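# Breakdown of the fold
The primary structure of each chain is shown beneath.
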Number of protein chains: 2
Amino acid sequence: MSLDAVLARIDSDLPAATERLLELLRIPSISTDPAFKADCDTAADWLVKDLQSLGVEAAKHPTPGHPMVMGHIAGDGPHLLFYGHYDVQPVDPLKLWDRDPFDPQVEDTPKGPVIRGRGAADDKGQLMTFVEACRAWKAVNGALPCAITFFFEGEEESGSPSLIPFMEEHKDALKADLALICDTGLFDSRVPAITTMLRGLLGEELTITGPSKDLHSGMYGGAARNPIRVLSKIIASLHDDTGRITVPGFYDGVPEISDELRAQWDGLNFDHGAFLGDVGLSQLAGEEGRSALEMLWSRPTCEVNGISGGYEGDGFKTVLPSKASAKISFRLVGDQDPFAIRESFRKMVTDMLPPDCSVEFHDHGASKAGQFDTSDPAFEAARQALSDEWPDPAAYIGCGGSIPIAGHFVNITGTTPMLIGFGKDDDQIHSPNEKYDMESFHKGIRSWARVLDALT
Amino acid sequence: MSLDAVLARIDSDLPAATERLLELLRIPSISTDPAFKADCDTAADWLVKDLQSLGVEAAKHPTPGHPMVMGHIAGDGPHLLFYGHYDVQPVDPLKLWDRDPFDPQVEDTPKGPVIRGRGAADDKGQLMTFVEACRAWKAVNGALPCAITFFFEGEEESGSPSLIPFMEEHKDALKADLALICDTGLFDSRVPAITTMLRGLLGEELTITGPSKDLHSGMYGGAARNPIRVLSKIIASLHDDTGRITVPGFYDGVPEISDELRAQWDGLNFDHGAFLGDVGLSQLAGEEGRSALEMLWSRPTCEVNGISGGYEGDGFKTVLPSKASAKISFRLVGDQDPFAIRESFRKMVTDMLPPDCSVEFHDHGASKAGQFDTSDPAFEAARQALSDEWPDPAAYIGCGGSIPIAGHFVNITGTTPMLIGFGKDDDQIHSPNEKYDMESFHKGIRSWARVLDALT
């Protein structure tokens, strides 16, 4: 049976596959920082070349931002599309990294070997699990198992400004029977998962201006408006004492989960003590009366991701600053309308401004939540294939993060997305010392070989 | 009459005096930033040499921080001490400066020529007004008018950690009949001032820690504690809706001003509209029911001077940060006890912490407010001398800033401080584009010559 030969090939080729991933990880393709624009280009070129080595007809497509990589190979059976992103998060604070984030290495840890470096888990390592599965398949069988379109983005970590126009323009080339997306996680080390619920994301940055310039707090303090105080008051008012978000209309379209789903989630016996304990916490800090998995998967949130104002250096400076700003993100569920919430949030902030203050808003993207159709028999086939690879059977799960691409496939090309990934909660994505377990990489490649076998 | 000759000498020597000040301003003696330690030393050396050129026996005295400069010259009549500081504030944000802050220049402006550069007004330019007055006096009369001790500090902008121990150690050398301090301002362009009320200062930095590391807000948001939200809530709770500060016991020892002083302040016809208008504001933002001068001179304050947490770079990063911090300063009046307030503030913050959060405090200095005795006839003599130089008569005023040295003279050497300065509200001290009006410098030097004449 050819699957066994493919799996054996994956096992024997793992050292070479790891070297290829390390090469890709060395390219600092930080999409949100213009200083790394050329590196994003280099990463795209690297992928084009790698796809071409598989016999895929691949090319880099310019956009107003970072390029897209598209490739296609013909074949019999279903037409699959695979999506991943080659851009990575910024690395600051750099001093908290134990190694150069772009000098990745395989490290031995008490929990086993890990691939350490920015992008190892999000998303270069995940992206390569599928590419390596294809490489092994081709090495054993001389061809890929079916028609496959590859679609790699370089702006996922910076709000994907070019994505929708590009997908609209290449709608036909991006149509497929199923869109495989590898940017999610396992449920835990033993339980693989297909993610079928995703929260949406609304990103807002606000800058409050009070005085026209920085003032001496001794000379003006007590009489002049302080924008840090104004901003703090606004942030403090975004949640009530029970943890509910106070933006008017925010909960419009937020559904309660079904009894059936609740029962399935309860059956997962999620250990929120361990989940929080891993990051030095012990108690849930969200809405009163909600379970941990509800908070993480099915309830909307409002979080402050950054705040800045006045003197932030060493020592002390008695400045009364002109400006203060914050980056705020909302995770959305159900039918919440990101554009209506943006408008309501901005109105709420503007209404709270005291005299002599102004506010500027900067839009950092808006996407609706998604709940995906799993009626296609491909889902049960894929779930079975995943269950064959891992210790415990695969689960359909929710995900707190936002993967807007999934909704775009539904809305633009009419393709059902299937989200399979091998990340773990402790991968430290978006944080210093990001890693991807060697087990995730190895079993991830094997998982895709099994899924390809099951779907074709 | 020798005073006229001294004033004439000051007028003719002004270009050379300006060049000397520019030379001192070129030394980037930022005391709060260890990177500029050698520059603080260089500034101290420059002053020692300049004092020596006046025949003053001067030396640099090492401290655990930046050095003190002390000089003494014997003479008849009263023994005066003069205090100034040679260190300057940091310059960030550098991009808001129209020129290199340490490449000072005389610039023509619509309001007349100004000396532009970091430290021009605070305090190098002010310090040099007295030194230049002495230089002119010596040039005309061959000697200074009386015994004078010069005392220059290099840590005023960084909390003066070495000051009290140094003054205790050199108590005898620093004893004098009157301590002249030049680090305050005019009441306005026409009205010179002797400052007789100063607010105290308590500086606190707090860092809230929630999770043990930065988290992905999609993965943890809604369930994990966010320290920026905790910090914002604490800051928002420091004032009530009427602008009063809520730290328990904060108003203990805050006096109401006397009817007499209130009448005098009312007589100054302070134009708070113009004061705020200069910095883009229109309305007083302090305690309800208090006048502008009360807010600025006689009421205590609590201001946030800086806030920081999470991702502050360009673009967006959905991080849920481990830490958030703020720098907070309290201006104190009357008998408020800075140490009791520090304790009460820290307890209030600690009591507000939700589960899983910890707080670290960093002490940035504490000084009591001062109200200085003006019964010595030297005050009326100095007030008359200042009135002779400026268009309108001099006033006794309050000052929102904190000049702890004044209290140290009272408490450590038993010397009455007399605070005379020539800064203006629009000097942008502690801000980008700091300047000192050429008029302040020129008439400041002339004022000191008149004061020296009046006191001796």
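Residues numbered from 1 in each chain as written. Chains lettered and ligands numbered in written order. Predicted model: local features only at pLDDT ≥ 70, side-chain atom pairs only at ≥ 80, totals over all residues.

Attention now goes to the overall build of chain A. Within chain A one finds 13 helices and 18 strands. Taken over the C-alpha trace, chain A has a radius of gyration of 23 Å; the compact-globule value for 456 residues is 23 Å, and the two agree within 12%. Taken along its principal axes, the extent of the C-alpha atoms in chain A is 80 × 50 × 50 Å. Residue burial in chain A is summarised as follows: out of 456 residues, 55% are buried. (Helix = DSSP H or I, 4+ residues; strand = E, 2+ residues; numbered from the N terminus. Rg over C-alpha atoms; globule rule 2.2 N^0.38 Å. Buried ≥ 20, exposed ≤ 12 C-beta atoms within 10 Å, placed from the backbone.)

Right, let's talk about the interface of chain B and chain A for a bit. Counting residues at the interface gives 77 residues for chain B, matched by 79 residues for chain A. At the level of elements, strand 10 (215-216), helix 5 (217-220), helix 6 (227-236), helix 9 (292-298), strand 11 (301-310), strand 12 (319-320) and strand 13 (323-332) of chain B are the ones that each hand at least two residues to the side of chain B that touches chain A. Split by residue class, the side of chain B that touches chain A holds 27 nonpolar, 33 polar and 17 charged. For strand 11 (residues 301-310) of chain A and strand 11 of chain B, the ladder comprises five bridges, and the chain directions are antiparallel. The residue bridging Gly309(A) from the neighbouring strand is Ile307(B), located in strand 11 of chain B. (Contact = placed C-beta atoms within 7 Å. Nonpolar A, V, L, I, M, F, W, Y, C, P; charged D, E, K, R; others polar. Pairing = 2+ DSSP bridges.)

Residues and elements named next belong to chain A. What the domain assignment reports for chain A is domain 1 (2-198 + 369-455) and domain 2 (200-274 + 291-364). Placing the centre of domain 1 and that of domain 2 at their C-alpha centroids yields a distance of 31 Å. Tallying the contact residues gives nine residues for domain 1 and 13 residues for domain 2. By residue number, the principal contributor to the side of domain 1 that touches domain 2 is strand 16 (residues 395-399), which donates three residues. Here the side of domain 1 that touches domain 2 is built from residues that sort into five nonpolar, four polar and no charged. (Domains from an automatic or database assignment.)

Now for the relation of the copies chain B and chain A. Between the two copies, chain B and chain A, the superposition gives an RMSD of 0.1 Å; the rotation angle is 180° and the shift along the axis is 0.1 Å. Put plainly, the chains are arranged around a two-fold axis. An overlap of 100% is found between the interface residues of chain B and their copies at the interface of chain A, pointing to a shared contact surface. (Least-squares fit on C-alpha atoms with pLDDT ≥ 70 in both.)

Tracing the chain through its elements places Asp392(B) in the loop between helix 11 (377-389) and strand 16 (395-399). Between the C-alpha atoms of Asp392(B) and Ser189(B), which are 203 residues apart in sequence, the distance is 9.3 Å.

This brings us to the sheet that holds strand 13 (residues 323-332) of chain A. Strands sit in the order 14(A)-9(A)-13(A)-11(A)-11(B)-13(B)-9(B)-14(B) across an open sheet of eight strands; the sheet is antiparallel. Here the strands that pair on one side only, and so sit at the sheet edges, are strand 14 (358-367) of chain A together with strand 14 (358-367) of chain B. Pairwise comparison of adjacent strand axes, ignoring direction, gives a mean angle of 20° for this sheet. By the bridge criterion, ten bridges tie strand 9 (residues 200-209) of chain B to strand 13 of chain B in an arrangement that is antiparallel. (Axes fitted to C-alpha atoms, helices over the stretch in contact; angles between N-to-C directions.)

What follows covers the confidence of the model for chain A. Residue-level pLDDT values for chain A average 94, and 100% of them are 70 or greater. Across the whole predicted complex the pTM is 0.74, and at the interface the ipTM reaches 0.73. (pLDDT = per-residue confidence, 0-100.)

Moving on, we get to the sheet that holds strand 18 (residues 435-437) of chain B. Residue and element names in this part refer to chain B. The strand order 4-5-18 describes an open sheet built from three strands, whose pairing is antiparallel. Each end of this open sheet is capped by a strand with a single partner; those strands are strand 4 (105-109) and strand 18. Averaged over neighbouring strand pairs, the angle between their axes works out to 35° when direction is ignored. Here strand 5 (residues 112-116) runs beside strand 18; their pairing, made up of three bridges, is antiparallel. Following the sheet pairing, Ile 115 is matched in strand 18 by Tyr 436.

Turning to helix 12 (residues 404-413) of chain A, its buried residues are Pro404(A), Ile405(A), Ala406(A), His408(A), Phe409(A) and Thr413(A). Immediately beyond the C-terminal end of helix 12 of chain A, within one or two residues, lies Gly414(A), with a positive phi of roughly 70°.

Moving on to the nonpolar core. Ranked by size, the top nonpolar core spans 257 residues in total, and within it Ala133(A), Leu180(A), Ile181(A), Ala449(A), Ala133(B), Leu180(B) and Ile181(B) carry the most contacts. Among all residues touching Ala449(A), those that are not within four sequence positions of it are Leu3(A), Val6(A), Leu7(A), Ile10(A), Ala133(A), Ala136(A) and Trp137(A). (Core = buried A, V, L, I, M, F, W, Y, C linked by C-beta atoms within 7 Å.)

The step from Asp122(A) to Asp123(A) runs through a cis peptide bond, and the omega angle for that step is 5°. In this fold, Asp123(A) is placed in the loop between strand 5 (112-116) and helix 3 (124-141). You will see that Asn433(A), though not glycine, has its phi angle at about 65°, which is positive. Position of Asn433(A) relative to the elements: it lies in the loop between strand 17 (416-420) and strand 18 (435-437). On the basis of neighbour counts, which here come to 18 C-beta atoms within 10 Å, the residue Asn433(A) falls in the partly exposed class. For His430(B), which is not glycine, the phi torsion reads 65° and is therefore positive. One can find His430(B) in the loop between strand 17 (416-420) and strand 18.

Right, let's talk about helix 6 (residues 227-236) of chain A for a bit. The element helix 6 of chain A is largely enclosed, with a buried count of eight among its ten residues. Among all positions in helix 6 of chain A, only Pro227(A), Ile228(A), Arg229(A), Val230(A), Leu231(A), Ser232(A), Ile234(A) and Ile235(A) are buried.

For the rest of this paragraph, the subject is the pairing of strand 6 (residues 147-153) of chain A. Residues and elements named next belong to chain A. The buried count for strand 6 comes to six of seven residues, which makes it a mostly enclosed element. As judged from the five bridges shared by strand 2 (residues 68-73) and strand 6, these two strands associate in the antiparallel manner. Each residue of the ladder has a partner; that of Gly 71, found in strand 6, is Phe 150. Across seven bridges, the pairing between strand 3 (residues 79-85) and strand 6 is parallel. What sits directly across from Tyr 83, in strand 6, is Phe 151.

Let us look at the packing of helix 11 of chain B against helix 13 (residues 438-455) of chain B. The description of two helices packed together rests on the angle between their axes and the distance between the axes. Residue and element names in this part refer to chain B. At a minimum axis distance of 8 Å, the contact between helix 11 and helix 13 shows a crossing angle of 140°. Between helix 11 and helix 13, the angle is such that the two are oblique. The handedness of the crossing between helix 11 and helix 13 is right-handed. Contacts between helix 11 and helix 13 involve Ala 378, Ala 381, Ala 382, Gln 384, Ala 385, Leu 386, Asp 388 and Glu 389 on the former and, on the latter, Lys 443, Arg 446, Ser 447, Arg 450, Val 451, Asp 453, Ala 454 and Leu 455. (Parallel < 35°, antiparallel > 145°, perpendicular 65-115°, else oblique. Left-handed = near helix turned anticlockwise from the far one by under 90°.)

Residues and elements named next belong to chain B. Locating Leu 320 in the fold gives a position in strand 12. You can call Leu 320 buried: it has 32 C-beta atoms within 10 Å. Separated by 55 residues in the primary sequence, Leu 320 and Trp 265 have C-alpha atoms spaced 50 Å apart.

Before going further, it helps to spend a moment on the packing of helix 3 of chain A against helix 13 (residues 438-455) of chain A. Residue and element names in this part refer to chain A. Where helix 3 meets helix 13, the axes come as close as 8 Å, and the angle between the chain directions of the two elements is 55°. Judged by the inter-axis angle, helix 3 sits oblique to helix 13. In this structure, the crossing between helix 3 and helix 13 has a hand that is right-handed. From helix 3, Gly 125, Gln 126, Thr 129, Phe 130, Glu 132, Ala 133, Ala 136 and Trp 137 reach across to helix 13, where they touch Phe 441, Gly 444, Ile 445, Trp 448, Ala 449 and Leu 452. Residues of the contact of helix 3 with helix 13, tallied by class, amount to nine nonpolar, four polar and one charged.

Moving on, we come to the pairing of strand 17 of chain A. All names here are of chain A. Burial within strand 17 is extensive, with four of its five residues counted as buried. One ladder, built from four bridges, connects strand 7 (residues 178-181) with strand 17; its direction is parallel. Bridging from a neighbouring strand, Leu 180 pairs with Met 418 of strand 17. As defined by bridge partners, strand 8 (residues 193-198) adjoins strand 17 across two bridges and the pair is classed as antiparallel. Residue Thr 195 lies in a different strand from strand 17, and its bridge partner there is Leu 419.

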